[in-house]
Amino acid sequence: MAAPNSKTSSSSSSSSSPSSSKQPEHAVKFARRTSSGRIMSLSREDLDMSGELSGQNDYINYTVLMPPTPDNQPATSAPTESKPTTRFASESQGKEEGGSSGGKGVQRRMSVMKSPNNKSMLLRTQTGDFDHNRWLFETKGTYGIGNAFWQDQDDYNGEGGVSMSDFLDKPWKPLTRKVKVPPGVLSPYRLLILIRLVALFFFLIWRWRNPNPDAIWLWALSIICESWFAFSWLLDILPKLNPINRATDLAALHDKFEQSSPSNPTGRSDLPGVDIFVSTADPEKEPPLVTANTILSILACDYPVEKLSVYISDDGGAILTFEAMAEAVQFAEVWVPFCRKHNIEPRNPDSYFNLKTDPTKNKKLRDFVKDRRWIKREYDEFKVRVNGLPERIRKRSEMHNQKEEMKENKLAQEKDGGSTPQDPINVTKATWMADGTHWPGTWLNSGADHAKGDHAGILQVMTKVPEPDPVMGHPDEKSLDFTGVDIRLPMFAYVSREKRPGYDHNKKAGAMNALVRASAILSNGPFILNLDCDHYIYNSLAIKEGMCFMMDRGGDRICYIQFPQRFEGIDPSDRYANHNTVFFDGSMRALDGLQGPVYVGTGCMFRRYALYGFNPPRANDYLGMFGQVKTQAQEIRPRTSDEEDLETEPLNHPDLNLPQKFGNSTMFNESIAVAEFQGRPLADHMSVKNGRPPGALIMPRQPLDAHTVAEAIAVISCWYEDKTEWGDRIGWIYGSVTEDVVTGYRMHNRGWRSVYCVTKRDAFRGTAPINLTDRLHQVLRWATGSVEIFFSRNNPLLATRRLKFLQRIAYLNVGFYPFTSIFLVVYCFLPALSLFSGQFIVQSLDIEFLFYLLIITLTLTLISLLEVKWSGISLEEFWRNEQFWLIGGSSAHLAAVLQGLLKVTAGIEISFTLTSKSAGEDEDDIYADLYLVKWTSLFLVPLTIMIVNLVAVVIGFSRTVYSVIPQWSKLMGGLFFSFWVLAHMYPFAKGLMGRRGRVPTIVYVWSGLTSIILSLLWISISPPDENNTSGGSVQI
């Protein structure tokens, strides 16, 4: 609260003593609390200058009056006439004035002085430290001189008592804070990185200076691979030097945006609107029931209903998806109020009913069990209806087509005078909607204007714009008692953009841009949340968690909030590293300490204005070789027509130019400025720049009219993007199979920053392919996109000065990592070549080589352990990631490099199949897909590596056994590296064997016989001689 000024807060008591004309005995004393906790006395002259000297949250000024406690009674004997005028006067003081002969009119209170640079004492608790002042107030304690005493209960609750609300009066509070990694973990982590870097440098110098003349080819291959591995490790580890964590304050968000205030007397939410995009393309690979459950979790999320709009992009134009969404909306009318009434988590019905925990835990309402049983029956019926849609649509279409055929035959008979026509009448096999009209999208039997790549645009608003105020339910509302529960649903729209032959529709990126334009016309939420159809909201407060960052001080410079991806349905051992925790909990946290995490395609909340290609406010340039000089970036303004005619000198990078060509929709162009204003943080503090006034977003939304919907349909037409900058500078960027990474990179390149939001309860959960073939194809698509980025103008080597140095290194690693596969494959064959030839990568295993190897290995192990410590991942997850790094690097990454080179050199386009989200056919075993072996050419290289190393181990062992004088120590070098390769290939071998126990015994027999035959054949061709008994020159 704003404290009273010194004149009112310090009421001096009149006294009969001669000293009353001077400074009173109990005058107001001002003190300064330093950051160390020490109290310094201040004079009034010092207080007047405190605004100039004070730092942020440095100290707090108090008005202190000595309390009449037994150990410090004031030395006054005459009663006083005046009563205290401070707002902190209490009834206890009045009693003391009337009856006590010792203390007369002495206040014992504190008040926060007005100072523009001082913040509330509550801010001192943001670090989690113990706040002594707050403890005193909450326990009814009060400061004295060297002590504290507690008021009586009656006195504390009286009219003049001090309360916590009076003392604080809603102080300004930040919505987020950084939680740094403890120095005890981060400092050794950085030191070990430096030690390993120095050790690698000297090790590589030693390796280059000490070749192996007996096997110069083996030495050359190994040193080239090791040099690249060192460079690749450096690119990967440098961006991890500054990992951070973040925390949000949802209570502060609620106080600022969802409570009554002078600027918001109605108490409506002042939060900005959010448009949620869900994308799907093929109902066969992405089952409609999965998509419907995702939509239900979104409709039930905990965010102001009137501020939420949901859009689904059906890029296949399938009637199955359309009718499944209609069924989902019907079920949402009971599911959403049920979730709000009983605070259900998660709000995906399929996940909720499959929970293994006690559903009645923390549920207080008596009718919960009855409501849950009823809603479970409703959901089972809903699933039956959705799963039966394909058959229902087929039968309905056949019935209508038969009627059309009969109608055509009847017309033909009437024309022929009643005779049956000799030629059969062909009637188009159309797909029919439930209302008896043709489906405008893709038909079951594709026809002209009704195929996957050739159909009209479809936009259907399935739930209208909700009322601005809550609409409470009634008893027996849909057989449930929803009394006092808001039964409104957010606006939900089905969108399928127009597709025609001859147009490049740009896959998912084009579908997302169509949704951006359509949503700008219909709802124009300043923030956009992008989800895949199989990623549902697991934490109903996730959107509010992200909004804390966007609405906090400096949030206007954030382009997107990336949430970590969490997956369900993964096998317990996570054989193929599907959880990818090393990336999501390690690398992404580290990038959050730089300019922000990369965009990974789903679970991301965008600022609409940043998606439009504009530059951020207050951008910075990073100059110098390592970007160590930070300067304010030059402000860029739109050019006038006269300046364009003069052909003034352009900026040094095209990304920094302002977007100009949005298309010919006036309604869309007018919505841009509105979205920018509504996305600003609240201007409730003098340190908030580029803010909006409180209460600016409480006006209700206008209902949709026919003209608005017609305009939305126009902007999703296939011709709208002609001669515009969509996909080039505006929206999702075209030209790459990993449009997500490129889109995020272009925003960072303009100077925007992003934030990684890790919530205590997972924000979103989805599915991932657990089959080896599907997993490798997924990795192949990601790696191919990285190769495309490397060979395009999106290469970070060509970035602007607004990209931080370490952020540039991180993006450089994104484009470089697939090329490591070339050196990795060669290095995996080196142990086998060493065992075949009897040579090794070094001439002898001397002490210097072993010392360097020990230092490098130990430092890498310790670095990994510390990374596990600050990231929170487990050692098993770290090892699984290392295993799949070799499996994917020797298969998918290598193929991605070849495909990328073919596209760049020969112009051969790359096409990918959609990753299947459907479950396995075996319903009794949810991990049935794990054991399914689907052959692919990606298996060839890792399978060859595994077989060659196995045969090489047998041959090397046989050479030593059949030597005249066996020397086992000479075999250890090759065997160690061969076992290193085979240990990493173990999950791949299990994937090839399928379900345990189903591999025929003959496979093992033939494998053993083949290895023995090849080893004996090798010994016959190259027998060991007396001078080189084991075929090698390895010496210890």
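Our structure's up above, just so we're on the same page.
Residues numbered from 1 in each chain as written. Predicted model: local features only at pLDDT ≥ 70, side-chain atom pairs only at ≥ 80, totals over all residues. Heavy atoms only, no water.

With reference to specific residues and values, describe the overall build of the protein.
Scanning the protein for helices and strands turns up 33 helices and 21 strands. Each of the 1036 residues in the protein was classed as buried or not, and the buried ones make up 52%. Counting only contacts in the protein whose residues sit at least 6 apart along the sequence, the fraction spanning at least 24 positions is 79%. Put simply, the protein shows about 48,500 Å² of open surface, and 57% of that area lies on carbon and sulfur atoms. (Helix = DSSP H or I, 4+ residues; strand = E, 2+ residues; numbered from the N terminus. Buried < 20%, exposed > 50% of the residue type's maximum accessible area, 1.4 Å probe, protein only. Contact = heavy atoms within 4.5 Å. Areas by Shrake-Rupley, 256 points an atom, 1.4 Å probe, with all protein chains shown as cover.)

Could you give an account of the sheet that holds strand β14 (residues 536-537), with specific residues and numbers?
Overall, mixed pairing links the three strands, which are arranged β14-β21-β16 in an open sheet. The sheet is open, and its two edges are formed by β14 and β16 (567-568), each paired on a single side. By the bridge criterion, two bridges tie β14 to strand β21 (residues 764-767) in an arrangement that is antiparallel. Bridge assignment links Tyr 536 to a residue of β21, and that residue is Arg 765. (Pairing = 2+ DSSP bridges.)

Report on the sheet that holds strand β12 (residues 491-496), specifying residues and quantitative values.
With mixed pairing, the eight strands of this open sheet are ordered in space as β11-β12-β8-β7-β13-β17-β15-β20. Looking at strand neighbours, the two that pair on one side only are β11 (458-463) and β20 (753-756), the edges of this open sheet. Within this sheet the neighbouring strands show an average axis-to-axis angle of 20°, counted without direction. Across seven bridges, strand β7 (residues 274-280) lies against strand β8 (residues 308-314) in parallel orientation. Within β8, the residue paired with Val 278 across the bridge is Ile 312. Running over the sheet, helix α16 (residues 507-522) touches β7, β8, β11, β12 and β13 (527-532) and is turned about 145° from β7. (Axes fitted to C-alpha atoms, helices over the stretch in contact; angles between N-to-C directions.)

So what's going on with helix α31 (residues 972-984)? Residues and values would help.
For α31, built from 13 residues, the straight-helix expectation of 18 Å at 1.5 Å per residue is met to within 8% by its first-to-last C-alpha distance of 18 Å. The complete set of buried residues in α31 reads Gly 973, Gly 974, Leu 975, Phe 977, Ser 978, Val 981, Leu 982 and His 984. Here the buried face of α31 lies against α26 (820-837), α28 (875-889), α30 (940-961) and α32 (986-993). (Expected span 1.5 Å × (residues − 1).)

Which residues make up the packing of aromatic side chains, and what values go with them?
Counted under the stated rule, the structure contains 52 aromatic pairs. Where Phe 322 meets Tyr 494, the ring centres are 5.1 Å apart and the plane angle is 85°; that geometry is what we call edge-to-face. Remark: Tyr 494 occurs in strand β12 and Phe 322 occurs in helix α12 (residues 319-342); sequence separation between them is 172 residues. Each member of the pair, Phe 322 as well as Tyr 494, is classed as buried. Grouped by ring-pair contacts, the aromatic residues Trp 228, Phe 231, Phe 790, Phe 791, Phe 816, Phe 819 and Phe 823 constitute a single cluster. Taking the ring centre of Phe 368 as reference, the NZ or CZ of Lys 363 above it sits at 5.8 Å. The positively charged end of Arg 775 is found above the aromatic ring belonging to Phe 884, 4.6 Å away from the centroid. (Phe/Tyr/Trp six-rings, centres within 6.5 Å; stacked < 30°, edge-to-face > 60°. Lys NZ or Arg CZ within 6 Å of the ring centre and 35° of its normal.)

Break down the environment of Val 755 for me, with residues and values.
Positionally, Val 755 belongs in strand β20. Residue class for Val 755 comes out buried when judged on its relative accessible area of 1%. Residues Val 755 and Phe 549 lie 206 residues apart in sequence; the distance between their C-alpha atoms is 7.8 Å. Those residues in contact with Val 755 that sit more than four places away from it in its chain are Arg 246, Phe 549, Ile 558, Tyr 560, Ile 561, Gln 562, Asp 592 and Pro 597.

How would you summarise helix α17 (residues 542-551) if you had to cite specific residues and measurements?
Summarising burial for α17: 10 of the 10 residues are buried, a large majority. Residues Ala 542, Ile 543, Lys 544, Glu 545, Gly 546, Met 547, Cys 548, Phe 549, Met 550 and Met 551 constitute the buried set of α17.

Residue-level account of the pattern of salt bridges, with values.
Side chains bearing opposite charge may pair, as long as their charged atoms lie close to each other. Summed over all chains, the structure comprises 46 salt bridges. Across the salt bridge formed by Arg 692 and Asp 270, the nearest N and O atoms sit 3.3 Å from each other. Of this pair, Arg 692 sits in the loop between α21 (666-678) and α22 (706-714) while Asp 270 sits in the loop between α10 (250-257) and β7, and the two are 422 residues apart along the sequence. As far as burial versus exposure is concerned, Arg 692 and Asp 270 are alike and both buried. Measuring nitrogen to oxygen at the nearest pair gives 3.1 Å for the salt bridge that ties Arg 500 to Glu 498. Note on accessibility: Arg 500 and Glu 498 belong to one class, buried. (Salt bridge = Lys/Arg side-chain N within 4 Å of Asp/Glu carboxyl O.)

Let's hear about the side chain of Asn 795: which residues, and what values?
Its place among the elements puts Asn 795 in the loop between α24 (772-790) and α25 (805-816). Residue classification places Asn 795 among the buried residues on the basis of a relative accessible area of 6%. In contact with Asn 795, not counting residues within four places along its chain, are Tyr 745, Ile 789, Phe 790 and Leu 812.

Account for the side chain of Asp 532, with residues named and values stated.
Mapped onto the fold, Asp 532 is located in strand β13. Excluding anything up to four places from it in sequence, Asp 532 contacts Val 278, Ser 279, Thr 294, Lys 508, Gly 601 and Thr 602.

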